[in-house]
Amino acid sequence: MYVAYSEDKIYKNVGDTAQLFFDNDVIAVVKNVTRRQHAPKKHPDNPLIRRDKPWEGNTYFRTSCFSVAYDEADGLFKSWYQDFYEYGTIDKYNFSEQTLRGRIYYAYSEDGLNWTKPLLGKHSVDGQDTNTVFGHPPYAEVICPTVLLDEHESDASRRYKMLYLFHDPSVKNAKLAYGGQAGGGLRMALSPDGVDWTPFEDNPIIPDWISDVQILTWDAIDEKYVLWGRYGGSSGGSRHPEMDNWFCPVVPGKPEGVWGVRRRIYRTESTDMVNWAKPELLWDPGEEANLDDGYYGFVPWRAGDMHLGLLNVLHQVDNTVDMYLHHSRDGVNWNQMLDHRPLIERGPPGSYDEFDVEMPTRPVVVGDEIRFYYGGMNVHHDWWIVGAKEGLDVPEAKDPTLGRDGHHLCLATLRLDGYVSLDATVREGWVETKPLFSTGANLYINGVCEPNGYIEVEVMDSWNNVWGDYSRENCETFTGDSVRHQVRWARREAVNLIPGSVKLRFYLKNASLYSFQLADS
């Protein structure tokens, strides 16, 4: 017998939820089978959104400065993205100024590929109407937005929620966040459509927020908002003028007082978006990380009964960013993928995403594919900002205007539930599950076979006795490519006619099995 989650059960109740193969949770025995991680495929039209309007200063598709969502009610893909029209030396009028000013733009698309930047009549630059959606006066210093399309919200005027920093350069207080100049804390705005925004009347929602990364999510299963923030880069928020506050010395042993110098991820949750729990440290670079790695941002989502998440990692020495897929059963204890390689690899020299690939927004499921809208950069993380000041011998330091056109919205796609697969090649393999319970009528599989490949299934009891009508010999052989193929047998179709729990054995050759599901439809 195999114990799933409870000592008083001898099976796992899988309900009608797809079972993915990130771990061995439902796997009892395998033979001639390997687990493979799959990478999303970059879209040939990348980059999808880039700086191409005269009013855009530095369209900043970084963590956390953009979000993408699909609104079924409108039938539109929507994107909100930061314009640091003055950032460091990237002042479009005066390249000697050290400034930080931002506003938020809006774009939409019917297919998620071709994007429109609508003129909204909210804010003009040099007499030209723009697609500024938020950040127009009197909120001129709005930066680092995270936008959530809140599908569970009953109040239509609050369907969209935005968290942002209100940067006030006139505020000079050494104990305030963001170099003593943020002043306004973490704030919220609300909108019915993602276009017309109203600041929350009781802002700020977190007055002493000390991060410039915030990623807001809604957990539909646990029914709570979860906010992921980042802290680090200088010990205790110190900003001594003689200290390199971008990258402090790293002390692997973490002695008291100076250990928190690398970027790390905190988590807090709320049921009402106003009252937030005490933040807890969830991601901290340890033995699994390189000496110069900092954890830049984290965005989680659900797939089947799995928690998945992307950890954006800054490699400080190379000044590049990669993102790594992690999986979890409880949303607290996370595991690296077997290969521990970036989910989407950075591009070759000269490409639009040569140096940074990062993502602060959840993937979007469209039909039979998963879309990853990510930020791709052909400039390094910060060389274009501080390279000249530090005297670095790099192109971005010699021409900091390269940062203007260095940040893009890009797309990569993956088949539905196509993160990992169980594969067999020229030798036939098989996968035997642990006992499972479900009232779902049918068995569906997500798989692909090579021209001479196949997948067949038989159903057993907990002692491996095959139910006669559901034997391998009676199974209709699958030889195709489908994300939801219904398995049928010669005389049977509905597997819920079998009493109690069952075990499944999948036979495969030159084939990949991504997931299975017991469901009515």
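Our subject is the structure listed above.
Residues numbered from 1 in each chain as written. Predicted model: local features only at pLDDT ≥ 70, side-chain atom pairs only at ≥ 80, totals over all residues. Heavy atoms only, no water.

1. Describing the overall build of the protein chain
On a plain count of helices and strands, the protein chain comes out with three helices and 34 strands. For the protein chain, the residues scored as buried account for 57% of the 521 residues in total. Across the protein chain, every contact between residues at least 6 apart in sequence was considered, and the portion connecting residues at least 24 apart equals 66%. (Helix = DSSP H or I, 4+ residues; strand = E, 2+ residues; numbered from the N terminus. Buried < 20%, exposed > 50% of the residue type's maximum accessible area, 1.4 Å probe, protein only. Contact = heavy atoms within 4.5 Å.)

2. Some words on helix H2 (residues 383-390)
Every buried residue of H2 is listed here: Trp 383, Trp 384, Ile 385, Val 386 and Gly 387. Positioned one or two residues after H2, Gly 391 has a phi angle of 70°, which is positive.

3. Points about the nonpolar core
Core analysis: the largest hydrophobic core is formed by 70 residues, its most contacted members being Phe 372 and Tyr 419. Take this core: its biggest share by element is seven residues, from strand E34 (residues 503-519). What Phe 372 contacts, discounting residues up to four positions off in sequence, is Pro 40, Trp 301, Leu 310, Leu 343, Ile 344, Met 359, Pro 363, Cys 410, Leu 411, Ala 412, Leu 414 and Tyr 419. Counting residues in hydrophobic clusters, the runner-up holds 25 residues, among them Cys 65, Phe 200, Trp 384 and Val 386. (Core = buried A, V, L, I, M, F, W, Y, C linked by side-chain atoms within 4.5 Å.)

4. Here's the deal with the environment of Asn 114
By the element assignment, Asn 114 lies in the loop between strand E9 (99-109) and strand E10 (124-125). The contact partners of Asn 114, leaving out residues within four places of it in the chain, are Tyr 108 and Ser 109. A polar side-chain atom of Asn 114 sits 2.8 Å from a polar atom in the side chain of Asp 111. (Polar contact = N/O pair within 3.5 Å; in protein donor to acceptor, adjacent residues only side chain to side chain.)

5. A word on the sheet that holds strand E19 (residues 264-270)
Ordered in space as E17-E18-E19-E20, the four strands form an open sheet in which the pairing is antiparallel. Each edge of the sheet is formed by a strand with only one pairing partner; in this case those strands are strand E17 (214-219) and strand E20 (280-283). Taken over all neighbouring pairs, the strand axes of this sheet differ in orientation by 35° on average, direction set aside. Pairing geometry for E17 and strand E18 (residues 224-231), over six bridges, is antiparallel. Across the sheet, residue Ile 215 finds its bridge partner in E18, namely Trp 228. (Pairing = 2+ DSSP bridges. Axes fitted to C-alpha atoms, helices over the stretch in contact; angles between N-to-C directions.)

6. Regarding the environment of Asp 382
Its place among the elements puts Asp 382 in the loop between strand E27 (369-377) and H2. Among the residues examined, Asp 382 registers a relative accessible area of 2% and is labelled buried. Only 2.8 Å separates the side chain of Asp 382 from the side chain of Asn 319, close enough to count as a polar contact.

7. Focus on the packing of aromatic side chains
Applying the stated criterion across every chain yields a total of 26 aromatic pairs. The interplanar angle of 40° and the centroid separation of 6.1 Å between the aromatic rings of Phe 21 and Phe 516 together place this pair among those described as tilted. With Phe 21 in the loop between strand E2 (19-20) and strand E3 (27-31) and Phe 516 in strand E34, the pair connects residues that are 495 residues apart, well separated along the chain. Of the two residues examined, Phe 21 and Phe 516, each falls in the buried class. Ring geometry for Trp 80 versus Tyr 106: centroids 6.2 Å apart, planes at 50°, classification tilted. Highlighted residues: Trp 80 in strand E8 (residues 76-88) and Tyr 106 in strand E9, separated in sequence by 26 residues. Given a relative accessible area of 4%, Tyr 106 falls into the buried group. An aromatic cluster of three or more residues is present, and its members are Trp 80, Tyr 106, Tyr 108, Tyr 160 and Trp 197. (Phe/Tyr/Trp six-rings, centres within 6.5 Å; stacked < 30°, edge-to-face > 60°.)

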